[in-house]
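Reading the structure
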Amino acid sequence: MQIVILKNAAEVAAYGADIFEKQLNRKAESVLGLATGSTPVALYQNLIEKNKQGDISFKDAITFNLDEYLGLEGTHPQSYRYFMNEQLFNHVDINKDHTHVPPGNAKNPVEACQEYEAHIAAAGGIDVQLLGIGRNGHIGFNEPSSGLTSRTRVKTLTKETIDDNARFFGPDEYQPHLSITMGIGTILDAKKVVLLATGENKAEAIKATVEGPLTASCPASALQLHRDAVIVIDEAAASKLDNIEFYKHIEAENQKLQAHLASL
Ligand SMILES: N[C@@H]1[C@@H](O)[C@H](O)[C@@H](COP(=O)(O)O)O[C@@H]1O
């Protein structure tokens, strides 16, 4: 894993956006894996700005989102489809027909999961997958005990996740307890994975992800198996790591190597 520790949330967003900029400029028809939650919002704002400035284009890009609440229509303000339209798709030059979010309104959710996997495969697989992380180490909606080779499927949410996400729902509003999520195996198939985390309330989950054992109890620890996983965190999210100085040293050496390669 590449562990990048930055000063604050703004630097984390900018670093993440640069990875997407490079990817889109290397391959216009990139297949991007996208995420919801509050953490990626600032990254999406960076991408919107880069798109406005003409530095990147989504014209030929294809996107697949990680997850969706089961039981919500895409027009529901708390659905992840609605979130993506509001936070990114409505503001960039993407063809909405090329954007995919698991269908929360599927009549047959089990079949819908298989179709989602088939669509990802037909697009050639995901080039870069963006991830946030839950306080319990979940990625997408892969809650603790999720199989480390799981594929897109229906998952039941933990009470912790429901409580954490309750802030987005009104007091009398129906809040789903089920979701459709890419599996951990689906995520690990992406060619590159970029996990963003900011704030002290993610520090425990980041410690378990980076320095803990590989375990279904912390689904994000599965990223230890990925050959190109980048963990981009701020000082607060890094605060419980044992080897902070070593990770900073490795990253400084990485930057030197990249500069050398660029000069060749
Ligand atoms: N399904 C999403 C996850 O993909 C996200 O990583 C998590 C953390 O969200 P936040 O970034 O708001 O802390 O929230 C939800 O549960």
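Quick caveat, the model's predicted, so the values are computed rather than measured.

What follows deals with the UniProt feature "site: Part of the allosteric site" (unreviewed entry) in the chain. Following the UniProt record, one finds the feature "site: Part of the allosteric site" (unreviewed entry) at Ser146, Arg153, Lys155 and Thr156. Excluding its chain neighbours within four sequence positions, the residues that come into contact with serine 146 are Arg153, Lys155, Ile184 and Ala216. As for its placement among the helices and strands, lysine 155 is situated in strand β7 (residues 153-156).

The topology assignment puts aspartate 234 in strand β10 (residues 229-234). Here aspartate 234 is buried and forms no salt bridge, its nearest opposite-charge partner lysine 202 lying at an N-O distance of 9.5 Å. Reaching out from aspartate 234, the side chain makes a polar contact with the backbone nitrogen of alanine 237 at a distance of 2.9 Å. The contacts of aspartate 234, once residues within four sequence positions are left out, are Ile5, Leu6, Lys7, Asn8, Ala9, Val12, Ala197, Thr198 and Gly199.

A word on the UniProt feature "domain: Glucosamine/galactosamine-6-phosphate isomerase" (unreviewed entry) in the chain. If you check UniProt for "domain: Glucosamine/galactosamine-6-phosphate isomerase" (unreviewed entry), the listed places come out as residues 9-228 in our numbering. When the span residues 9-228 is considered, its composition is 33% helix and 14% strand, and the gap between its end C-alpha atoms is 22 Å.

Further remarks concern the sheet that holds strand β2 (residues 31-34). Hydrogen bonds between backbone atoms are what pair the strands of a sheet, whose relative direction is either parallel or antiparallel. Read from one edge of the open sheet, seven strands run β1-β10-β9-β6-β2-β3-β5, paired in parallel fashion. The sheet terminates laterally at β1 (2-6) and β5 (99-100), the two strands that pair on one side only. As judged from the two bridges shared by β2 and strand β6 (residues 128-131), these two strands associate in the parallel manner. The residue of β6 that forms the bridge with leucine 32 is valine 128. Lying on the sheet, helix α1 (residues 9-26) is in contact with β1, β2, β6, β9 (192-197) and β10; it crosses β10 at an angle near 155 degrees.

Bringing the layout of surface pockets into the picture now. Considered as a void within the structure, the largest pocket measures approximately 570 Å³ in volume. Lining the largest pocket are 30 residues, with Thr36, Gly37, Ser38, Asn165 and Arg167 sitting closest to its centre. Counting residues per element, the ones that place at least two in the lining of the largest pocket are β4 (67-69), α3 (80-87) and α5 (159-165). When its residues are assigned to classes, the lining of the largest pocket shows 11 nonpolar, 14 polar and five charged. Of the volumes computed, that of the second largest pocket is approximately 480 Å³. In terms of lining, the second largest pocket is formed by 16 residues, of which the most central are Gln2, Tyr15, Ile19, Lys22 and Lys192.

Rules of the game
Residues numbered from 1 in each chain as written. Predicted model: local features only at pLDDT ≥ 70, side-chain atom pairs only at ≥ 80, totals over all residues. Heavy atoms only, no water. UniProt positions renumbered as here; feature names shortened; annotations may be inferred. Contact = heavy atoms within 4.5 Å. Helix = DSSP H or I, 4+ residues; strand = E, 2+ residues; numbered from the N terminus. Buried < 20%, exposed > 50% of the residue type's maximum accessible area, 1.4 Å probe, protein only. Lys, Arg positive; Asp, Glu negative; His and termini not counted. Salt bridge = Lys/Arg side-chain N within 4 Å of Asp/Glu carboxyl O. Polar contact = N/O pair within 3.5 Å; in protein donor to acceptor, adjacent residues only side chain to side chain. Pairing = 2+ DSSP bridges. Axes fitted to C-alpha atoms, helices over the stretch in contact; angles between N-to-C directions. 1 Å grid on protein atoms, 1.4 Å probe; cavity = no way out; pocket = protein on both sides within 12 Å on 5 of 7 lines; lining within 4 Å. Points joined across faces, edges and corners; volume = space filled by probe spheres on them. Nonpolar A, V, L, I, M, F, W, Y, C, P; charged D, E, K, R; others polar.

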